[in-house]
Every structure is written in C-alpha cells, then in structure tokens.
Amino acid sequence: MDRLVIQGGHSLRGRIRVSGAKNAALPCLAAALLTPEPLVLSNLPAVADIRTMVKVLQALGTEATLEAEGDGFELTAKLACAGSDDPKAPYELVKTMRASILVLGPLLARFGRATVSLPGGCAIGARPVNLHLEALERMGAILEISHGYIHASVKGRLKAIDHAFEKVSVGATENILMAAALAEGTTILRNAALEPEIGDLAQLLVEMGAHIEGLGTGTLTITGVERLHGCEHAVIADRIEAGTYLCAVAATCGDVVLDRCEPEHLRSLLDLLERSGCVITEREGQDGRQLRIQRECGQKLRSKDATTLPFPGFPTDLQAQFMAVMTQACGISVINEGIFENRFQHAMELERLGANLRTDGRAAIVAGPAELTGCTVMATDLRASAALVIAGLVAKGETIVDRIYHLDRGYAGLEKKLQGVGARIERVGGGKV
Ligand code: EPZ
C-alpha cells in the first residue's frame, strides 16, 4: 500500500492548476444513462472515483472509454448507454463509492427499472438515502429492499411531483433532478441544494435538451421531455481541491497562484482565510480565473471560528483542512460540523502530530499555534487525509501519511502538484518505508 512521506517546514511557492471537480463529474457521468446518444465529458479529474463510476456505468450497459488529457491530471470520457436487460449496480462497486446511488434516478427514468445496492456504512456519518427514495416513490417508483439491494420499477414513465426535500441534500437533489428531466409533467423541487456541482449537472442536462428553470435557487422547476440527446461538456473546476491548496499555503506560508479556479465557489473559505491574515487576490488568467494566496513566513495567523453548512455556507469537505490551518493560528478556534455527525476522525491524528485540540460532539476546539512534529498518521476518509498532508507540510521532520488510497479517490496528482510548489513530499510503495 502506498504512503506519502513528507519533510515538513518548507514554504510553498509557484503555481498549481486546479483539476475538474470530482463531485460535479460523478453526477455528470451518471447523466450518460439518460440518453442512448454519445456524451463526451472532459476536465474529469484523474482520480479513482471517476474510474469506479465508469465501471458502474459499464455494468449498466454503457460503452465507455477514458482518455488522459494534457499532463494526465484530467480525463475525457466518451460514453454511450444502450442499456441492459437487467440494469444492476453491484455491491462490489457501490460499497467503494456511495455516489453510485446517483444511477438510480436516471435508470428508472429511462428504463423503468433498476437494481442498485444499498451503499452501506460510511466513515463520516450514517448517510442514509431516504431522501432519494422518498422522492422517487412519490414519482411512482415501486421500491423493494431485499438482500441488500434496492429493487426499483415504475409502470410507464415517472410522474412529476411538487416536492420539498425535508433536508438539503446534494445527492438527492441530483438524483431527482435527473429523474425529473425524463419524467411526465413539470416537477418542482423545493429546498434543493445550491452547491455549484448541482449547477454544473443542471447545465449539462440543459445542453442535453432538458427544460430546467430556477438554476442557482433553492427551487428547481423541471419540465420532463421524452428523450434527451448527447453533447460535449467540460466539468467545472474543483472548489474543494482549490480550497485544499489554499489551506496548505495558509498553514505553511508561501505565495501560490491557483490557475483555472472559480473564486465565487469559494467565498466562505476566502473570507475566513483573509480574516485570519492571508492576502488573497483574484484575477482573470489566460485559462480561466486565478486566485493568489500569500502568507509571508513569520506572519502570524489569527484564529477564526467556522461552521459547516450547505452552500453557500462553509463546506464540510474543507472542514478538516481548515482545522489543520487553525492549529497554526493564534488563539482559540471553534469549528462546528453542521452536515455530518462523525466527521472529526482527523482530530486524533492531528493531535498525534502535536495539535492542541479537543472535540465535543459536533464541535472541535483548536488552540494555536501548536508546534507540530512529524510522525506516522493514517486517515479514514478523503478530506481527513488531505488535512494530514497539510499538517505534515507544517510539521518539523518527517511525516508519513498512510492509507493514501483515500486521497487517490479525490485528488488528481496531489503529491506532484505539491512538489511543483516546493513541497518535499514523495509517494513510496508500502514495502519501502
Ligand atoms: C455530497 O455527498 C458530496 N459527495 C460529499 O463529498 C459532501 O460532503 C456532501 O455532499 C455534503 O456537501 C458527492 O457529491 C459525490 P448530502 P451527499 O446528501 O450527496 C443527510 C467528499 O469528500 N442525508 O448532501 O451524500 C446526510 O446524512 C464527499 O468529496 C439524509 O439524511 O451528501 C448528511 O447529513 C464526502 N438522507 C446530509 O443529509 C438522505 O437521503 C447532507 O448529505 C441523504 C442525505
């Protein structure tokens, strides 16, 4: 098993190009199930979750190829879904990636039946799929859960609904948005999630011929069509990847320009980092928007509180990385996790590196600045791993981050991008450390 070996204490300087957003790419890939025509998706990050989703689509009767773009950090997928007699998303794939549940809505809408494994346990919280299932049932789906699978069917087409989600859910909004695009009648989705990744999926669906109004608001109105067609679409920049590198510079100090990112998607983090003392500038580059972050070495960081909330609030997917930054800030920072009930597993590992913090239910209290010293750490999920890399870049001496398959699920070329800005970080095969 690979590990990352980091020699901490070096500032970061240079440029990093941000890859496409994993969490936009996954629902966009699932949308390939909505049409028999070819769909070409570019700017997909070259990460394990993208390959898993392509395998899920192949298991569901999709011809799919993945080709590397430019420097290999992004991929283009060419997809065409003829369908299969028995569309089934198997446990072996779904258990490795919960986003596989996103195939349920499109399959039901286009083929009238689907068998999808229930995702099972998760390291960051219970993460049920009740919101997805309740809305599909209201659209006329007949659902039966047996032997660990959701067996779903519908007589004729799914029917439009006027539906208010009980809770804001990114995945449920995406699943039902795709289902409604091919349903009979006009669906109204209230309390829909506002995350930029939903905007990207909706944009793709519109390019495929869907009728969607209310983009960028919490109420989406979708008038179903009988068929959707193929198109070419480039997914948006990954705000969480960009935010992770911003946190890395804030924690270690340095001066880095992020190319091809969208500052509007990162307002809550930019605001916190600016208020804690980092200098952030935005400008239009040749290749999209750019963000520059500067924190001169020796310049003190101020502690700030943060609470994770649905967009445009502070993202739960940056909570762990921000906590790593706050270990270096002067004063007390209280970080509340408002989305998931068990997303502080990085806290104990940060403590092992020397962070001064404690957790209490959904709050973490971080006292800084703490002198971090390298050791071996391991993480339980993707963003927790990213936080440990950031802490390792700060820590004196050598830090080994174990179980980096979590990182490989969601960050394209993380160590190469960090090496490019001066980090001493290396990937080493399990046997060699
Ligand atoms: C998406 O997960 C992201 N994944 C997550 O990113 C992200 O953390 C999360 O949204 C919140 O922003 C993808 O986009 C592939 P939710 P999702 O449904 O859709 C509860 C990462 O690190 N809920 O918005 O699964 C749920 O338990 C990952 O890249 C229900 O109660 O999240 C949670 O408390 C991790 N019932 C809250 O809603 C449901 O049916 C929000 O979850 C569905 C969700």
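Residues numbered from 1 in each chain as written. Predicted model: local features only at pLDDT ≥ 70, side-chain atom pairs only at ≥ 80, totals over all residues. Heavy atoms only, no water.

As a further point, take helix α12 (residues 382-394). Across its 13 residues, α12 extends 19 Å between first and last C-alpha, which sits within 8% of the 18 Å expected from 1.5 Å per residue. Of all 13 residues that make up α12, 13 are buried, and the element is covered over most of its length. (Helix = DSSP H or I, 4+ residues; strand = E, 2+ residues; numbered from the N terminus. Expected span 1.5 Å × (residues − 1). Buried < 20%, exposed > 50% of the residue type's maximum accessible area, 1.4 Å probe, protein only.)

Taken together, 23 residues form the shell around the ligand, and within it N130, L131, S169, D317 and I339 come nearest. Between the ligand and the protein, one listed contact pairs an oxygen atom with a backbone N or O atom of I339 at 2.7 Å. The separation between an oxygen atom of the ligand and a polar side-chain atom of R343 is 3.3 Å. Where the shell around the ligand is concerned, the elements lending two or more residues are α1 (22-30), α5 (130-138), α6 (170-181) and α12. Grouping the constituent residues of the shell around the ligand by class yields eleven nonpolar, six polar and six charged. (Near = heavy atom within 4 Å. Polar contact = N/O pair within 3.5 Å; in protein donor to acceptor, adjacent residues only side chain to side chain. Nonpolar A, V, L, I, M, F, W, Y, C, P; charged D, E, K, R; others polar.)

A few words now on the domain arrangement of the protein. The assigned domain composition of the protein is domain 1 (3-18 + 237-428) and domain 2 (22-234). Centre-to-centre separation of domain 1 and domain 2, based on C-alpha positions: 30 Å. The interface formed by domain 1 and domain 2 holds five salt bridges in total. In this structure, the salt-bridge partner of E197 is R239, at a minimum N-O distance of 2.8 Å. At the surface where domain 1 touches domain 2, the tally comes to eleven residue pairs in polar contact (both at pLDDT 80 or more). At the level of secondary structure, the elements contributing two or more residues to the side of domain 1 that touches domain 2 comprise α12, α13 (405-410) and α14 (414-419). At three residues, the largest contribution of residues to the side of domain 1 that touches domain 2 is made by α13. (Domains from an automatic or database assignment. Salt bridge = Lys/Arg side-chain N within 4 Å of Asp/Glu carboxyl O.)

This part is about unusual backbone geometry. For the bond running from F311 to P312, omega is 10°, close enough to zero to count as cis. Among the secondary structure elements, P312 is positioned in the loop between β19 (306-307) and α10 (319-326). In this structure, P369 follows G368 across a cis peptide bond, with omega equal to 0°. Of note in the backbone geometry, N191 takes a positive phi value of approximately 60° without being a glycine. Looking at where N191 falls in the secondary structure, it is placed in the loop between β11 (186-190) and α7 (196-207).

Taken as a whole, this structure holds one disulfide when the rule is applied. The disulfide that involves C253 links it to C297, with 2.2 Å between the sulfurs. Linking C253 and C297, the disulfide has an S-S dihedral of approximately 65° and is accordingly described as right-handed. One end of the pair, C253, is in the loop between α8 (239-252) and β15 (254-259); the other, C297, is in the loop between β17 (288-295) and β18 (301-302), and 44 residues separate them in sequence. Residue class for C297 comes out partly exposed when judged on its relative accessible area of 48%. Here C231 is not cross-linked by a disulfide; its sulfur's nearest cysteine counterpart is in C28, at 9.0 Å. Note on C231: relative accessible area 14%, which makes it buried. Cysteine C261 shares no disulfide, and the gap to the nearest cysteine sulfur, in C247, comes to 13 Å. On the basis of relative accessibility, which here comes to 5%, the residue C261 falls in the buried class. (Disulfide = S-S within 2.5 Å.)

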